[in-house]
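Residues per chain are reported as follows:
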Amino acid sequence: MSALRDKGLAGRWLHRQLLPMHQASQRRLHDLNYLFFELTQRCNLVCRHCGSDCSSDVSLPDLAPEQVLEVLRGVRAKHDPSRITVALTGGEPLLYPDFFKLGRAITELGFPWGMVTNGYAWSPAKVEAARLAGMRTITVSLDGPAEVHDWLRGRTGSYARAAETLRLLTAAPWIQKVDVVTCVHRRNLDHLDQTRDLLAELGVKAWRLFTVSPIGRAAGDPDLILEKEDFRRLLDWTEAARGTPGPAVAYSESGYLGACDTTVRDHPFFCRAGVNVAGIMADGAILACPNIDRSFSQGNINRDDFCDVWEERYQPFRDRRWLRTGDCVDCKEWGVCQGNSFHLLDPATRHTRLCYVKEYELGT
């Protein structure tokens, strides 16, 4: 964390001046770049940190394929589909009936698409089905050595399945990007070097780290939340690992990190929920991020036109002055933080549930 501090006041001043200008421009333009669909809430794992509290309950209705395609046809009528990545999520998307048939239809509409998976249900046949469906990108969850991964994912053998899935996917030359996302918590913090070696052996090139937010199942699980010194140790490790041989590592955009904001990832923090990112939940709710509180739904595709909602109802995400309350009122970080990640917002208090700069003393 010393690297950014040593760059001097001039560099920090420039960062503080230019980043808010860029963010303001992006909010005005609000180009839709990333559209996710939560196809199902069914899952074959029971992850301790799940933000959506997914389950294997088959009584929960899926988002119908025609609903997905109807939204995308409307988007295509007003936007260039080649510039909008569609992300298919869950739950576990492979539990969704005719998943690859839907993927093929999305490709035929001209949208590049990818998915997020826990890696448990893959096989060579499914990899071939993904190729035929035109899948371009995929994110696989892997959280350390077998015993740690299986503990977090709630199912014995889930590490072995995810590792084999990565072997299959990294060997497929037609996939544009395979990356791994790892939830860092108290039980795997000391295994980061080992995990990076495992990923290198599996052929992984890109690795994103994130820490648990106090939402969903994780909110009441003390094993998952890092204390201040552990969090700072994670950032130090990430900064030191960047640029060294092995999978390219970066901390996710979970929130604004003060002095560490540009040392542990490729781009400065910018919460793009409702700015460049939108999504549809399994019940049809129109949101800006799959992890934000459902009270921030801007409509529902069962009664609203998505494109109209995108243009007319996303102002709470694009003009955040209403969030400048409590500790944010006098905070000198407001210009670059803008109230932190939206998924951390407590709708009852309008305060962030976790301020990384304050909680972890990340000086500027």
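The structure displayed is predicted, hence computed values, not measured ones.

**Considerations on the overall build of the chain**
Move 1: When helices and strands are tallied, the chain shows 13 helices and 11 strands.
Move 2: Relative to the globule expectation of 21 Å for 364 residues, the C-alpha radius of gyration of the chain, 20 Å, shows essentially globular dimensions.
Move 3: Its C-alpha atoms put the chain at 55 × 50 × 35 Å along the principal axes.
Move 4: Of the contacts formed within the chain by residues at least 6 apart in sequence, a portion of 70% connects residues at least 24 apart.
Move 5: A total accessible area of about 16,000 Å² is found for the chain, and carbon and sulfur atoms account for 51% of it.

**A closer look at the pairing of strand β6 (residues 206–211)**
Move 1: Among the six residues that make up β6, five are buried, leaving the element largely enclosed by the rest of the structure.
Move 2: In the classification by handedness, the crossover that spans strand β5 (residues 177–184), the intervening helix α8 (residues 192–201) and the parallel β6 is right-handed.
Move 3: When β6 meets strand β7 (residues 248–251), the two strands line up parallel, connected through four bridges. Residue pairing for β7: L209 is matched across the bridge by Y251.

**Describing the side chain of R42**
Move 1: Relative to the helices and strands, R42 resides in the loop between β1 (34–38) and α3 (65–78).
Move 2: A polar side-chain atom of R42 sits 3.2 Å from the main-chain carbonyl oxygen of L95.

**Regarding the packing of aromatic side chains**
Move 1: For the structure on display, the rule yields 14 aromatic pairs.
Move 2: Between the aromatic rings of F100 and W122, the centroid separation amounts to 6.1 Å while the plane-to-plane angle is 70 degrees, which identifies the pairing as edge-to-face. Here the residue F100 occupies a position in helix α4 (residues 99–108), and W122 occupies one in the loop between β3 (113–117) and α5 (124–133), the gap between them amounting to 22 residues.
Move 3: Since its relative accessible area comes to 15%, F100 is described here as buried.
Move 4: An angle of 35 degrees between the planes, with centres 5.5 Å apart, marks the rings of F231 and Y356 as tilted. Within this pair, whereas F231 is found in helix α9 (residues 228–241), its partner Y356 is found in helix α13 (residues 356–359), the two being separated by 125 residues in sequence.

**Some words on α3**
In an α-helix, one turn spans 3.6 residues; hence positions three or four apart end up facing the same way.
Move 1: End to end, α3 covers 21 Å across 14 residues, agreeing with the expected 20 Å (1.5 Å per residue, within 8%).
Move 2: Within the span of α3, buried status applies to Q67, V68, L69, V71, L72 and V75.
Move 3: Buried residues belonging to α3 abut β1, β2 (85–89), α4 and α10 (306–312).

**Considerations on the environment of A77**
Move 1: Take A77: it is sitting in helix α3.
Move 2: Of the residues examined, A77 reaches a relative accessible area of 66% and is grouped as exposed.
Move 3: Taking the C-alpha atoms as reference points, A77 and R350, separated by 273 residues in sequence, lie 36 Å from one another.

**Points about the nonpolar core**
As a rule of thumb, soluble globular proteins bury nonpolar side chains together.
Move 1: Judged by nonpolar contacts, the single largest core of 98 residues is most densely connected at F37, I106, W122 and F306.
Move 2: With residues up to four places along the chain from it excluded, the contact list for W122 reads L94, F100, M115, T117, V127, A130, M135, I138, T165 and L169.

**Quick word on the state of the cysteines**
Note on terminology: a disulfide is the covalent bond linking the sulfur atoms of two cysteines.
Move 1: Counted by the stated rule, this structure contains zero disulfides.
Move 2: C331 takes part in no disulfide bond, and the closest cysteine sulfur to it belongs to C355, at a distance of 6.2 Å.

**Remarks on the pattern of salt bridges**
Move 1: Tallied over the entire structure, the rule returns 20 salt bridges.
Move 2: Residues R48 and D221 are paired through a salt bridge, measuring 3.0 Å at the closest nitrogen-oxygen approach. Here R48 is found in the loop between β1 and α3, whereas its partner D221 is found in the loop between β6 and α9, with 173 residues between them in sequence.
Move 3: Residue classification places R48 among the partly exposed positions, given a relative accessible area of 29%.
Move 4: Close ionic contact of R233 with D190 constitutes a salt bridge, the shortest N to O distance being 3.0 Å. With R233 in helix α9 and D190 in the loop between β5 and α8, this residue pair connects regions lying 43 residues apart in the sequence.

**Focus on the sheet that holds β1**
Move 1: The sheet built from nine strands is open, its strands ordered β7-β6-β5-β4-β3-β2-β1-β8-β9 with mixed pairing. The open sheet terminates on both sides in strands that have one partner only, identified here as β7 and β9 (286–287).
Move 2: In the sheet, β1 pairs with β2 via five bridges, with the strands oriented parallel. Its bridge partner lying in β2, F36 is registered against A87.

**Remarks on helix α6 (residues 146–153)**
Move 1: Here α6 lies mainly inside the structure; six of its eight residues are buried.
Move 2: The set of residues buried in α6 consists of V148, H149, D150, W151, L152 and R153.
Move 3: Packing partners of the buried residues in α6 comprise β4 (137–141), α7 (158–170) and β5.
Move 4: One or two residues past the end of α6 sits G154, with phi positive at roughly 75 degrees.

Rules of the game
Counting restarts for each chain, with residues numbered from 1 along the sequence as it is written. Per-residue local features are limited, in this predicted model, to residues with pLDDT of at least 70; the limit for side-chain atom pairs, both in listing and counting, is 80 or more; totals at the level of whole chains, interfaces and linings are taken over all residues. Think of the side-chain values as coming from all heavy atoms in the structure, minus any hydrogens and water. Per the convention used, a helix needs a DSSP run of H or I reaching at least four residues, while a strand needs a run of E reaching at least two, with both numbered from the N terminus. The atom set for the radius of gyration is the C-alpha atoms, and the globule formula is 2.2 Å times the number of residues raised to the power 0.38. Only heavy atoms enter the contact rule, under which two residues are in contact if any of them lie within 4.5 Å. Here the open area of atoms and residues is found with the Shrake-Rupley method and a 1.4 Å probe, where only the protein chains shown may cover a residue. Only protein chains enter the accessibility calculation, which uses a 1.4 Å probe. A residue is then buried if its area is under 20% of the maximum for its type, exposed if over 50%, and partly exposed in between. The handedness of a crossover follows from its direction of travel: if, with the strands pointing away from the viewer, the path from the first strand over the helix to the second runs clockwise, the crossover is right-handed. Strand pairing is assigned whenever DSSP detects at least two bridges linking the two strands. Two N or O atoms count as a polar contact when they lie within 3.5 Å, although within protein this holds only if one can serve as hydrogen donor and the other as acceptor, and sequence-adjacent residues are included solely when both atoms are side-chain atoms. In summary, the pairing rule links any two rings of Phe, Tyr or Trp, Trp by its six-membered ring, whose centres are within 6.5 Å, and it sorts them by plane angle into stacked for under 30 degrees, edge-to-face for over 60 and tilted for everything else. Expected helix span is computed as 1.5 Å times (number of residues minus one). Nonpolar cores were defined as sets of buried Ala, Val, Leu, Ile, Met, Phe, Trp, Tyr and Cys residues, with membership established by side-chain atoms within 4.5 Å. When two cysteine sulfur atoms are found within 2.5 Å, that pair is recorded as a disulfide. By salt bridge we mean one thing: a side-chain nitrogen of Lys or Arg within 4 Å of a carboxyl oxygen of Asp or Glu.

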